[in-house]
Structures are given as C-alpha cells and as structure tokens.
Amino acid sequence: MDALEIARWQFGITTVYHFMMVPLTIGLGLVVAVMQTVWHRTGNPAYLRMTKFWGKLFLINFIMGVATGIVQEFQFGMAWSEYSRFVGDVFGAPLALEALLAFFVESTFLGLWIFGWKQLKQGVHLACLWIAVVGSFFSAYFIIVANSWMQHPVGVTMIDGRPVMTDAWAVFTNNTALVAVPHTLFGALAVAGGFLLGIAWYHLWRRRRDGIDTVGADGKIIAGEAGIPGRDRTDYSVWIKSLRIGAVVAMISFAGTALTGDLQGKLMFEQQPMKMAAAEAACHDGTGFSVLSVGNVGSRNCDDIVALIEVPGILSYLAKGDFTTEVKGVNSLLDQYKADYGTHLPDNPIYGDRAGQEIEYVPVMEVTYWGFRAMIGFGGLAALAALVALWLTRKGTVPESRWLMRLAVFGILAPFGANAAGWIFTEMGRQPFVVAPNPDLNGIDQVFMFTAAAVSPGVSAGEILTSLIVLTLIYAVLLVVEVKLLVKYVRGGVASAMPELVHAPVDENEDATPRDGGPDKPGASDDVLAFAY
Amino acid sequence: MELLPTIWFIAIAVLWTGYLFLEGFDLGVGMLMKIFARNNTERRVLLNTIGPVWDGNEVWLLTAAGATFAAFPFWYASLFSALYLPLLLVLVSLIFRAVAFEYRGKVDTDRWRNTWDWAIAVGSFLAAFGVGAALGLTTTGLPLDANGDRNGGPFAWFSWYAVLGGLAVVGFALLHALAFLALKTDGDVRHRARQWFVRLLPVLLLPMAGWAIGVQVLSGKAWTLFVLAVAVVAAAVAWAQARKGNEGRAFLATGVFLLGGSASIFGAVFPVVLPSTIDPAFNLTIANASSSDYTLGLMSIVACVGLPLVIAYQAWTYWVFRRRVSAAHIPEAHSFLPAVAAKALIRKD
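Nothing here was measured: the structure is a model prediction, and the numbers come from that model.

### Things to note about the overall build of chain B
Okay, so step 1: Looking only at helices and strands, chain B has 11 helices and three strands in total.
Okay, so step 2: Listing every helix and strand of chain B by position from the N terminus yields α-α-α-α-α-α-α-α-α-α-β-β-α-β.
Okay, so step 3: Computed over C-alpha atoms, the radius of gyration of chain B comes to 22 Å, within 12% of the 20 Å expected from 2.2 N^0.38 for 349 residues, which places it in the range of a compact globule.
Okay, so step 4: For chain B, with 349 residues in total, the buried portion stands at 59%.
Okay, so step 5: Look at the contacts in chain B between residues 6 or more apart in sequence, and 79% of them connect residues 24 or more apart.

### Looking at the overall build of chain A
Okay, so step 1: Broken down by element type, chain A carries 17 helices and nine strands.
Okay, so step 2: Relative to the globule expectation of 24 Å for 533 residues, the C-alpha radius of gyration of chain A, 26 Å, shows essentially globular dimensions.
Okay, so step 3: Projecting the C-alpha coordinates of chain A onto the three principal axes gives extents of approximately 75 × 60 × 40 Å.
Okay, so step 4: Counting only residues that meet the buried cut, chain A has 55% of its 533 residues in that class.
Okay, so step 5: Long-range contacts, defined as pairs at least 24 residues apart, comprise 75% of the intrachain contacts of chain A with a sequence gap of at least 6.

### What to know about the pairing of strand E1 (residues 156-159) of chain A
Residue and element names in this part refer to chain A.
Okay, so step 1: Bridge analysis of E1 against strand E2 (residues 162-165) gives four bridges, and the strand direction is antiparallel. Note that in E2 the partner of Ile159 across the bridge is Arg162.
Okay, so step 2: The hairpin turn running from E1 into E2, its antiparallel successor, is two residues long, and Asp160 in that turn takes a positive phi close to 50°.

### What to know about the environment of A:Phe103
Okay, so step 1: Secondary-structure assignment places A:Phe103 in helix H3 (residues 81-115).
Okay, so step 2: When the 27 C-beta atoms within 10 Å are taken as the criterion, A:Phe103 is described as buried.
Okay, so step 3: When the C-alpha positions of A:Phe103 and A:Ala132 are compared, they lie 8.7 Å apart, and in sequence the two are 29 residues distant.
Okay, so step 4: Ignoring sequence-local partners within four residues, the contact set of A:Phe103 consists of A:Glu98, A:Ser139, B:Val59 and B:Leu62.

### Observations regarding the interface of chain B and chain A
Okay, so step 1: With 79 residues of chain B at the interface, the matching set in chain A holds 83 residues.
Okay, so step 2: Mapped by element, the contributors of at least two residues to the side of chain B that touches chain A are helix H2 (40-50), helix H3 (54-71), helix H4 (73-82), helix H5 (84-103), helix H11 (293-320) and strand E3 (346-347) of chain B.
Okay, so step 3: A per-class count over the side of chain B that touches chain A returns 49 nonpolar, 18 polar and 12 charged.

### Points about the confidence of the model for chain A
Residue and element names in this part refer to chain A.
Okay, so step 1: Averaged over all residues, the pLDDT of chain A is 86; the fraction at 70 or higher stands at 91%.
Okay, so step 2: Averaged pLDDT values for the elements of chain A fall to 53 in helix H17 (residues 525-528) and rise to 95 in helix H4 (residues 122-151).
Okay, so step 3: Across residues 505-526, where pLDDT falls below 50, the model places 19 contacts with residues more than four positions away in sequence or in other chains.

### Considerations on H2(B)
Residues that lie three or four places apart on an α-helix share one face, since the helix turns once every 3.6 residues.
Okay, so step 1: Here H2(B) lies mainly inside the structure; nine of its 11 residues are buried.
Okay, so step 2: Buried positions along H2(B) lie against helix H1 (3-35), H3, H5, helix H6 (110-140), helix H7 (160-184) and helix H8 (188-219) of chain B.

### Some remarks on the packing of helix H11 (residues 365-392) of chain A against helix H13 (residues 413-428) of chain A
Residues and elements named next belong to chain A.
Okay, so step 1: Between H11 and H13, whose axes approach to 8 Å, the crossing angle comes to 155°. Judged by the angle between their axes, H11 and H13 are roughly antiparallel. The hand of the H11/H13 crossing is left-handed. Contacts between H11 and H13 involve Val367, Thr368, Gly371, Phe372, Ala374, Met375, Phe378, Gly379, Leu381 and Ala382 from the former and Ala414, Pro415, Gly417, Ala418, Ala421, Gly422, Ile424, Phe425 and Met428 from the latter.
Okay, so step 2: For the contact of H11 with H13, a count of residues per class yields 14 nonpolar, five polar and no charged.

### Section: the packing of helix H1 (residues 3-42) of chain A against helix H6 (residues 175-209) of chain A
Residues and elements named next belong to chain A.
Okay, so step 1: H6 packs onto H1 with a crossing angle of 70° between their chain directions and a minimal axis gap of 7 Å. Here H6 runs roughly perpendicular to H1, going by the angle between their axes. Side by side, H1 and H6 meet where Pro23, Leu24, Ile26, Gly27, Leu28, Leu30 and Val31 of the first sit next to Leu185, Gly187, Ala188, Leu189, Val191, Ala192, Phe195 and Leu196 of the second.
Okay, so step 2: Here the residues of the contact of H1 with H6 sort into 13 nonpolar, two polar and no charged.

### Concerning unusual backbone geometry
Okay, so step 1: A cis amide bond, omega 10°, links A:Gln431 with the succeeding residue A:Pro432.
Okay, so step 2: In this chain, B:Phe270 is followed by B:Pro271 through a cis amide linkage whose omega measures 5°.
Okay, so step 3: As for its position among the elements, B:Pro271 is in the loop between helix H10 (247-269) and strand E1 (272-274).
Okay, so step 4: One non-glycine residue, A:Asp160, lies in positive phi territory at about 50°.
Okay, so step 5: Within the secondary structure, A:Asp160 sits in the loop between E1 and E2.
Okay, so step 6: Accessibility expressed as a C-beta count within 10 Å gives 5 for A:Asp160, which makes it exposed.

### Overview of H3(B)
Okay, so step 1: A rise of 1.5 Å per residue sets the reference length of H3(B), with its 18 residues, at 26 Å; its end C-alpha atoms lie 26 Å apart and thus fit the reference within 8%.
Okay, so step 2: Among the 18 residues of H3(B), 18 are classified as buried, and the element is accordingly described as predominantly covered.

### Quick look at the environment of A:Ser81
All names here are of chain A.
Okay, so step 1: With respect to the secondary-structure elements, Ser81 resides in helix H3.
Okay, so step 2: By the C-beta count within 10 Å, which is 30 here, Ser81 ends up buried.
Okay, so step 3: In this structure, the C-alpha to C-alpha distance between Ser81 and Thr157, residues 76 residues apart in sequence, is 21 Å.

### Points about the confidence of the model for chain B
Residues and elements named next belong to chain B.
Okay, so step 1: Scored by pLDDT, chain B has a mean of 90; 95% of the residues are at 70 or more.
Okay, so step 2: Every residue in residues 340-349 scores below 50 in pLDDT, and together they form 20 contacts with partners more than four places removed in sequence or on other chains.
Okay, so step 3: Confidence estimates for the predicted assembly give a pTM of 0.90 and an ipTM of 0.89.

The rules behind these values
Each chain has its residues counted from 1, running along the sequence as written. All chains are assigned letters beginning with A, and all ligands numbers beginning with 1, in the order in which they are written. Two thresholds apply to this predicted model, a pLDDT of at least 70 for residue-level local features and 80 or more for giving and counting side-chain atom pairs, whereas whole-chain, interface and lining totals are computed over all residues. Under the DSSP-based scheme used, a helix requires at least four consecutive residues in state H or I and a strand at least two consecutive residues in state E, with every element numbered from the N terminus. The globule rule is 2.2 Å times the number of residues to the power 0.38, and the radius of gyration it is compared with is taken over C-alpha atoms. As a rule, residues whose C-beta atom has 12 or fewer other C-beta atoms within 10 Å are exposed, those with 20 or more are buried, and those in between are partly exposed; C-beta atoms are placed from the backbone. Two residues form a contact once the distance between their C-beta atoms, set from the backbone, is within 7 Å. Think of it this way: DSSP has to see at least two bridges between two strands before they count as a pair. All amino acids are sorted into three groups, where Ala, Val, Leu, Ile, Met, Phe, Trp, Tyr, Cys and Pro are nonpolar, Asp, Glu, Lys and Arg are charged, and the leftover types, Gly among them, are polar. The pLDDT value tells you how sure the predictor is about a given residue, anywhere from 0 up to 100. In this analysis, axes come from line fits to C-alpha atoms, helices being fitted only over the stretch in contact, and the angle between any two N-to-C directions falls in the range 0 to 180 degrees. When an angle is under 35 degrees it counts as roughly parallel; over 145 it counts as roughly antiparallel; between 65 and 115 it counts as roughly perpendicular; any other value is oblique. Less than a right angle of anticlockwise turn of the near helix away from the far helix marks a crossing as left-handed, whereas a clockwise turn marks it as right-handed. Expected helix span is given by 1.5 Å per residue-to-residue step, counting one fewer step than there are residues.

What follows is the structure in structure tokens.
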C-alpha cells in the first residue's frame, strides 16, 4: 500500500468511528431535552429519572465524539495537504464556522447543563440543554455543507487552477446539503430510537425476571416494587415510557430517512450518475432495481455481473420519479466520463507514482451495491422491529423471552450499521474523485479533483501508517472502555445516574431541589458542586 | 497593504492567544494532577475547578485550526503536514485527556482512577508541549520547498525552537494553572498554589521569554520589542501581586504576560506566517498563503458577530461557576448496585 491508500484507510476508519458517536449524541441529545422539558412542565418524577439516566449515557458517549472529532479536523491538513490547498478557499469556511458558531455553543452549554443543576434556575438549566442540542444540529449542518461541496461543487469559479468562492449563498444552500442534513438528522434519531428501545426492553424484562412486575390473567402488567432504591413503580414507568418513545422515534425517523433519501437519489441521478449506477451494479441502461445481483460485483468488470432478481421500473422511480426513464448503466457512463475527464491521470508530479496511470472510473461495486442495500436493510429492519415491539408491549410490558430481550438489545446495532453503510456508500461511490465533477445543469462541470492528487506529498507512507496503527489501536481500546461503561451504567439502572436515590430516602417530590444563590455556607457542598467529577 | 489578510493574521493570533489563555490553565491543572495534588480529594478539587469549562476552552484550538484552514489554507496545509508526527502526538494526548476527565470517576477503584490520572497528566503535558512546538516552529521556520512541502523526512521539522516553544507553553500553562487554582479553590490547595506560583514564576516563564527574545533577534521590530518589555513588566507585577495575596490580579497579570509575549512573537514574524529554512523565497506570507478577499470578507462578518458572542457566553459560564471549590465540597464517591434484586428483598403487593 502506498501513502494514498493508507491515508484513505485512515480517513475511512477515523470517520466511520467518529460517526458511531455522533449520531447517538445528536439523537439522544434531542430525546433527553424533550424528557427534561416534560419533567419541567409536569413535574412527573419519572421524566426526571429518564433525563438523568439517558443523560448519563449521553455524556459517556458525547465525550468520545468530542475526542475523535479533533482528529477529523486535523487530518485534512496532516494527510491531505494538497486537497486542503486546492479547496481551502471554499471548504475551510464551513469548518471554521462549525467551530465558531456551533461547537462552541454545544460544548459550553453542555458544560453548563452537566454542572449547573443547582447553580441555574430550572428553566435556564433546561434552556442550556436545548441550546446545546440546537448547536449539535448546526454542527451537523456545517459539516454536511463541507461534505456536500465535495459531492456537488457550487458557488465557485476556477482561478489559477483552484476553485475560489464567489457565491457563499450557493455553497451554504447547496441542494445536496439541504437534503443530506435532514437525512443525517433522521439517521441520528433512528440510532437514539433503537438505543432507547433496546435498553428499556432489557430493564422491563429484568423487572419481570426478578419478579417485581407480574402479569395478570388478562395479560396486563401489574407493576410492583422491590425494596431496593430506584426499583419502585416509578422505575417501571421510566422504562415503559422510554421504550415507547424509542419505538415511535425509530419509526418516525425511518420514514424521515426514506423520504429524504428518495430526494437524495434523484439528486444523485443528476449529479453523480456513476454513483447511482454503481449503487445498482447496473452495467446496462435500464429501469429495474436489483434485488439480488450475483457474480463478482467487486471485479468492476461488467461481464461478471448478472442481475438475478430485478423489479422493473423501481430504479427509474428512485432516480426520476417515474417508471420508464432509462437510467444509464456503468458501460455507457464509462465512455462519457472518459471523454469528459480523460482516460489517464495527467503527467503531473502531484500524482506521484500514479501519474499517467489509467483512471478507474467505476467505484468498487461490491461496496456501493451492498453498502446501499445494507443502509436500507438495517434501517427498515429497525423500524419494523420497533413496530413489532410496540405491538408486543401493548399490555404494558415485554414478554418473558430471554431470546427476544437479546434481540432487542443487539437490535441497537442496526441503525448504527445503517448510518455507517450510508456514509461508506456515499464516500466510496464518489471515487476516483475527492471532489466530484457534476455533469448536471446547475453544477460547474470542470471543478473536480482526483483523490490521487489530494494526499500530502511531503508526508511518507511510514508516517501515515504509524498514525493509522496508533489511532486504530486507541480507537479499539476506547470502544471497549466506552461499551463497558455504558453496560455498567445500563445495568445499574436509574440509580447509577441518581446517587440521591440510593443515599437519601426516596422522595417522590424529586423536583424540590434547593436553588438559592446565597453566600458560601460551610459544608453546603451541594450548592457549589451539583455534580462532581 | 493587504487589509483582509492582515486582519485575519491578527484574528488567528488572537485565537491562539485565547486558546493558550483559556486552555492554558486547564492543561496546567491537568499536569498538576500528579505533581501538585497530594491525594484523591485534592485531585478531585483540581478537576472540578475546570470541569464545567475545559471542553469549551478546547474549542478555541479547533477554531484556531479551522480559521487557519479557511483564511490561510496554504499555511494550514504546510504546517499540519510538515508536523505530522508531533501533531499525531497532540491528537492522541487530547483524546486520552478528554476521555479521562469524563471516565475517571465512573469506576470506583484506585487502579482505574490512577490510570486516568496519568492519562490526564501526561496527556496535558504532551498536548501543551506539542502545541507549543508547532507554534515555535511556525514562528521560526520549517524546511519547506517551493510547493510548501517539508523536505528531509519525518523528523526534519526538529529544531531547538520546537523544544523552546514546547517548554514555553508547558511552563506558561503550569504557572497560569497555579494562579487559577489560587483563585478558584480554598483551603490548603489555594495556599499551596499561591506559594508555588511565587516560587516558580521565574523558571516557568523563562522559556516563553526565551522564545520571544529569539523571535525578536530573527525578525523583531521596535514595537514588538516594546510589547515584549510590557510582558516582562506584567510578569513582575504578577509575582508581586501573588506575594501580596491578590490572586485575581496575579491571574490577570499572567494573562497580560501571555498577551504581550504572543503579540511580540506574532508581530515580529508578520507578514510571514511560516518561514522556510531552505530559502526565504519559499516563505509563506499573508499574501501568498491566504484565501480570496471574498472568503475572508465573509469570514470577517461572521467572526465579528460570532466571536464576541462566544466570549460573552463563556464569560457567563465562568460567572455561574464562580465559587471556590475546596476539599469540603467534594462529595464521597458513590458506588452503586447493579439493578439486580436479590430475591429476598422483593416484596409483592
């Protein structure tokens, strides 16, 4: 492997990893904010417990997103310096604005939320969480604006061989971004939905197994109490509410991703036809959506691929909204790309050893074809499971089956898989370009960059390999630590996030937290530190 | 005179200074975890002084890097790729440090806490040193060719200025942290921090003074020499105020020292943003490294609105958490039972 391939692996690994933490942060943040709002409005102690419990898991996960996000920003300059020089005029701005307008907001107000339970008035404290959540949405927006510019460069003019921003409005309202943002946010919510559903299921199952909750003759739940802090009737209420919220969120977000994904498909058909064809491993022009294609999809050679089952018309619908438009296959697109962008990489030192090599315009179809299907499959599966879960729990609790409980817990992974598959598909489907040329009417066709030209020329393969190994190992270790902590806190239940349930008599009037801003009283520890590291 | 690139050069100098001012003390507090705090309670006192704010402070680094990317893409590309391995070390340090803050208290064993304490201390030290080395090098030069790429292999960036810059930021961060702890804690920690501050000030500020003087020798101007003199006076004031027990003034004076030192360094280098040690003709300057006026103009408008807002709400955060933390405030670590009921405890209604 040369520096380019190692750098690509590194970008892929660090990004997919970072984007395991991010959707959970975005989705769970919103859910927790809603829970706290309900508690604020109604004073129902179950919602305070939900806020504290899910908020704790949110924070354990949030920190990993923060820690891995810095790598993302630095590695453009470190490993992709030619890319940074080429796109800096237009691509740097959304990144800088993300930090300045969104991430500052998110980190600062989240700090206020974590530590400010007693220093701030209840309403102000709640507002801090909402501000942080909105900050995370804006964060997503700016990052996707940057990414969308790589998929669909707009708002620039080429000057001295570099794209120079001439229309910021076009960049920040890029239609690719406007549909990708809601798609990503719904994808994040799907993750949160599955997370709530799986964990709440586990706790309801646990309560039944421990004999706290029983089921009457009519199949209806009889919630009980155990003489252990935090395992009372309110606890039952916490989990059944969480489960239902999770299931509803999962279904709504799947519908949202489907609708926005449909819009994305139509843009992709115009903007990146080769990606569309590669998503289908469609070699020849046609209208059918492949349910199963066999042969060596990864060979990039069309003679090896046979579409076994095809539904006619569906591909046309995905691309254009009707059932008859011929969607161009790889074979006819290949000639077009060769004519427009050349058959060989130019003899320019910027391409290093790859200068003059033949250009491979077809993305790795094994990845695009299965990535596309994995995204839709995992997403749909999670939504279907959520529907089934609502049905199974209609009488107030989960079945006793251990097998179903495990399914619900491992089902948490499905929306994560859908998110990862979607991103891998959209990024690998863009190859061999890092900035994809757009043959559509609104695109600027001659703004593009081959990935082969983007890597840092002064950095050795050894250096990048070092960072790839170091980061991958650290990421693996930290994933184990994060999951272990999450499991520990999940098993601990609400009490793990609310020590006051264990150390003080349970008071149903849990919202009566003292909030006087008086002077320092000796020993009044709670006034200084509502939460302590 | 190139107005917008000049403004953005100043803006980036301000962002770096803001980063060193704010994260300076939380990096320093991190380093002090192992050399200053005597027991677990004191370590928790230290952590809780920076708990609500360190993450917001760290965003200054992201903003400085992002603004450099947007305003001077060639500077960002050359500096970050040339310093590949040192920046990898900074990233790894920041990852461990961030995770350690959050995870340290999550398992109630000495071994667990000790592991993360080391992560905080070493991570803070290496992050401070690495950022300092990068700043030291961008003000004194790297072996860059005509394309702005590093020549000479993975370690060609090394020069004694890297070490000096690294030590400068480590030293400043430690001192600033001592001033911060004297201001934010009570009891034994407060008094010891003030003692350490008075005793160590000359040693801890020496490397930054050395770096600033070195840059003056390389490319100093009359006004930057004057600003440097102001910084030295501020250091003396900080020392005198700390001796008198005026913790707030000592903290501010250390801040003025940083401001003066940083202004004298960035001012001396201007208009070069990254000198080439191979050939001055390859120097990156505000003219040849910057983005278009359109992009800089857009960024200026946003920054004029955004930056004061950031400063305002971050200042508010410090106001909300203004009260001193002392050992008496630290609650006992709580361990919790897994929510698994022993059958005997269950009562059925």
